[in-house]
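Fold and contact review
Read off the chains here:
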Amino acid sequence: MTPAPSINPVRRELLKNALVTIADNMLVMVVRTARSTNIKNTMDFSAAILDAEGTLVAQGLAVPVHLGAMMPALAGCLDYFGDDIHEGDIIGSNDPYSGCSHLNDIFTFKPVFKDGKRVAFLGIILHHSDLGGRVAGGNASDSNEIYEEGLRIPPSKFCERGRIDTTLMRMIAFNSRIPERITADLRAQMAALDQAEAEVHKLLQSWPVADFESHMTDLVDYAERLARAGIAALPDGEVEFTEWNDDDGIRPGPIRIHLKLTKRGDRIVCDFSGTQQQSGGAIHSIFVFTKSCAYAAVRTILDPAIPNNAGMYRPIDVIAPEGSFLHAKFPAAVGSRGQVGYRVRTIVLGALSKLTHGRIPACPGGSEFAIAASGFDATGTRFLHLEFHNTTGNGGGPDRDGQDAGPYCIGNLANVPVELIEAENPIRMEAYAFLPDTGGAGRYRGALGIVRQYRFLAAETAVQVRSDRFKSRPWGLYGGGEGAAARAFLNPGTPGEEALPSKFIRTMRAGDVFRAEMAGSGGYGDPLARDPQAVLEDVRLGKVSRGHALAAYGVVVREGADEIDFEATRRMRAERSTRGERRDE
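A few points on the structure. A quick note: this is a predicted structure, and the numbers were derived from the prediction, not measured. (Residues numbered from 1 in each chain as written. Predicted model: local features only at pLDDT ≥ 70, side-chain atom pairs only at ≥ 80, totals over all residues. Heavy atoms only, no water.)

The next point concerns the layout of surface pockets. Summary: where empty space remains is shown by rolling a probe the size of a single water molecule over the atoms. Its boundaries defined by the atoms lining it, the second largest pocket holds a volume of some 260 Å³. Around the second largest pocket, the lining residues are Arg35, Lys40, Ile178, Glu180, Arg181, Asp377, Thr381, Arg382, Phe383, Leu384, Glu424 and Asn425. Put simply, the parts of the chain that give the lining of the second largest pocket at least two residues each are helix 6 (179–204) and strand 13 (382–389). With three residues, strand 13 is the largest single contributor of residues to the lining of the second largest pocket. (1 Å grid on protein atoms, 1.4 Å probe; cavity = no way out; pocket = protein on both sides within 12 Å on 5 of 7 lines; lining within 4 Å. Points joined across faces, edges and corners; volume = space filled by probe spheres on them. Helix = DSSP H or I, 4+ residues; strand = E, 2+ residues; numbered from the N terminus.)

Below, the discussion takes up the sheet that holds strand 10 (residues 267–271). The strand order across the open sheet built from four strands is 8-9-10-11, with neighbouring strands paired in mixed fashion. Whereas interior strands pair on both sides, the edge strands pair on one side only; in this sheet they are strand 8 (237–247) and strand 11 (316–319). In this sheet, adjacent strand axes meet at a mean angle of 15 degrees when their direction is disregarded. Sheet topology note: the strand 9 (residues 252–264)/strand 10 ladder contains five bridges and is antiparallel. Across the sheet, residue Leu261 finds its bridge partner in strand 10, namely Cys270. Helix 7 (residues 209–232) contacts strand 9, strand 10 and strand 11 of the sheet and is inclined by roughly 80 degrees relative to strand 10. (Pairing = 2+ DSSP bridges. Axes fitted to C-alpha atoms, helices over the stretch in contact; angles between N-to-C directions. Contact = heavy atoms within 4.5 Å.)

The subject of this paragraph is the side chain of Arg466. Topologically, Arg466 is positioned in strand 16 (residues 460–466). One buried charged residue, Arg466, remains without a salt bridge, the closest side chain of opposite sign being Glu368 at 6.9 Å. Within polar-contact distance, the side chain of Arg466 engages the backbone oxygen of Glu368 at 2.9 Å. (Buried < 20%, exposed > 50% of the residue type's maximum accessible area, 1.4 Å probe, protein only. Lys, Arg positive; Asp, Glu negative; His and termini not counted. Salt bridge = Lys/Arg side-chain N within 4 Å of Asp/Glu carboxyl O. Polar contact = N/O pair within 3.5 Å; in protein donor to acceptor, adjacent residues only side chain to side chain.)

Looking now at empty space enclosed by the protein. For the coordinates displayed, the defined rule picks out four cavities of 30 Å³ or more. Considering only enclosed or pocket space, the second largest cavity measures out at about 60 Å³ in volume. Lining the second largest cavity we find Thr37, Asn38, Ser129, Arg181, Leu384, His385, Leu386, Glu424 and Asn425. Listed by contribution, the elements that provide at least two residues to the lining of the second largest cavity are helix 2 (37–40) and strand 13. Among the elements that line the lining of the second largest cavity, the one with the most residues is strand 13, at three residues.

Tallied over the full model, the rule gives twelve aromatic pairs. Ring centres 4.5 Å apart and planes at 10 degrees place the aromatic pair Tyr295 and Tyr313 in the stacked group. Separated by 18 residues along the polypeptide, Tyr295 in helix 8 (residues 287–299) and Tyr313 in helix 9 (residues 310–313) bring together distant segments of the chain. The residues Tyr295 and Tyr313 share a single accessibility class, namely buried. The rings of Phe369, Tyr454, Phe456, Phe504 and Phe514 are connected pair by pair, giving a single aromatic cluster. A cation over an aromatic ring shows up here: Arg11 above the ring of Trp207, its NZ or CZ 3.8 Å from the ring centre. Positioned above the aromatic ring of Tyr432 is the side chain of Arg452, whose terminal nitrogen or guanidinium carbon lies 4.1 Å from the ring centre. (Phe/Tyr/Trp six-rings, centres within 6.5 Å; stacked < 30°, edge-to-face > 60°. Lys NZ or Arg CZ within 6 Å of the ring centre and 35° of its normal.)

The set of residues buried in helix 12 (residues 532–540) consists of Pro532, Val535, Leu536, Asp538 and Val539. Take helix 12 and look down its axis: the buried residues cluster within an arc of 160 degrees, on one side only. At its buried positions, helix 12 is contacted by helix 13 (546–553) and helix 14 (566–578). Capping of helix 12 at its N-terminal end is provided by Asp531; its side-chain oxygen lies 2.9 Å from the backbone amide nitrogen of Gln533. One or two residues past the end of helix 12 sits Gly542, with phi positive at roughly 80 degrees. (Arc of directions from axis to C-beta.)

Before going further, it helps to examine the state of the cysteines. Simply put, disulfide is the name for a covalent bond between the sulfur atoms of two cysteines. On inspection of all chains with the given rule, the structure shows zero disulfides. With no disulfide of its own, Cys77 lies closest to Cys100 among cysteine sulfurs, the gap being 6.5 Å. Just so you know, Cys159 is unpaired, no disulfide at all, and the nearest cysteine sulfur is the one on Cys77, 14 Å from it. (Disulfide = S-S within 2.5 Å.)

Bringing the pattern of salt bridges into the picture now. Enumeration over the complete set of coordinates arrives at 45 salt bridges. One salt bridge in this structure joins Arg228 and Glu224, with 2.9 Å as the shortest N-O distance. Linking Arg228 with Glu224, this pair stays in helix 7, spanning four residues, or about one helical turn. When its relative accessible area of 16% is taken as the criterion, Glu224 is described as buried. Ionic pairing is found between Arg506 and Glu498, a salt bridge with its closest N-O pair at 3.1 Å. In this structure Arg506 comes out as partly exposed when scored by relative accessible area, which is 31%. Look at Glu498 and you get partly exposed, because its relative accessible area is 31%. Among the ionic contacts, a cluster of salt bridges with common partners joins Asp401, Asp404, Arg445, Arg530, Asp538 and Lys543.

And the structure:
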């Protein structure tokens, strides 16, 4: 028997960095060549390197919750094709019930061979803008079966021995409202895999196959060791946390989502058994996505130097009974599962805040907002604007305010510039701004909510919106206040103003205005302990009004002077403390 190659820690680190770079380069290729705004600007994509058996070894800088689904999606393909995978093939699927996440996410994988032996898989996932279905964009909350949501692609060969399957490509194009963009995006996706294959072959010039394989295996085991050590350093305990979704997309809510998180030694168990049963709509999650969101949340409390691969998942167990809101059964629609994915992550972080005092910030804001607006412009050309604006920033933390408009640590999507929206669609953006007084009050304030306001210019525009946090507000910690609730309006400020629900589909006419006000983030610590100078600075910047400074923080800012009345502030805070309004951390 040939002895196993010895592991060189330096070469292992070099390999890790090389593989991450190859994954990142795939994403750069997609940004440069894709056509859809959701891909090239929002960057709703991810890339990874997996070993020959389908174990995740390295991932690019992308959307963390995609990566937990990468291995199940490849496993679904391997289960179907078995040994019928050859050099030059590209396999893939978008079927949630074959390991993927929802129909808009097409996963593709390319095997890498050296000397006739398969040594790795390259994986990339893109959220494609439209794959048919009853509603443009594929994210309708009120679908009941997956058959309503679009084209379901079983494990297939997009390319066989170097030849693109033109029948499959035409099938996908024929089922899309924007076929030219979908075709271009798929071509970009496959080109990125081709580029990555060439880069891996170049890397293999300095790596014997046995060394390459053993170091990839060790890289995963190394990540597991570090993850277990990081978990072991956390306090043991069992904590529970409950959150609510406003509704399920069809029936009135709220939907109860409950977690019991247990940490013992070097393992964490996330048990969602207390979550209510699935009911209807497309908001609920499939189990693969629930696990992915839970992994991403736990990842945030571990050392960022730990390699991001399958080893990090191994010490984390996720439980959700089949048929529950977080483990939907076939043939449930799951197109809007991304919205409840944010709730899964905030629940896990909320539970961890109980376990690890002083390490977790308060709940991030945002309304988990997604909009798909489609119709025909003045020339008769189809337009489709798809946008996800899932966070407004972070909650207040143990030592700082939440970053206004900052990225949510496990969402990682970019915003779409208003100029681009207007250039590509008959839509005028009339507001994109912070909403004063919406950040949760606290010693450290939560990030402000954000408003996006759209005026539709086409004769008719079909608008589908998926959002939440209208009823259940982002929570604060250790005495910090909740962030302001989300709201939505049709034609605000006019006699015909109408308050809209968090989830809807309706036709807008030329001149109609839709206003989406996203929830603010939670505050951290007692608001009466906030530095008055920090409150004054917020007033100066227009983030907090004088009235809110007084009501929430007990700080008196003189009218017209932009300065604090310190004596009045001292009296105000002393009176509130005497009345028991002060909230201890």
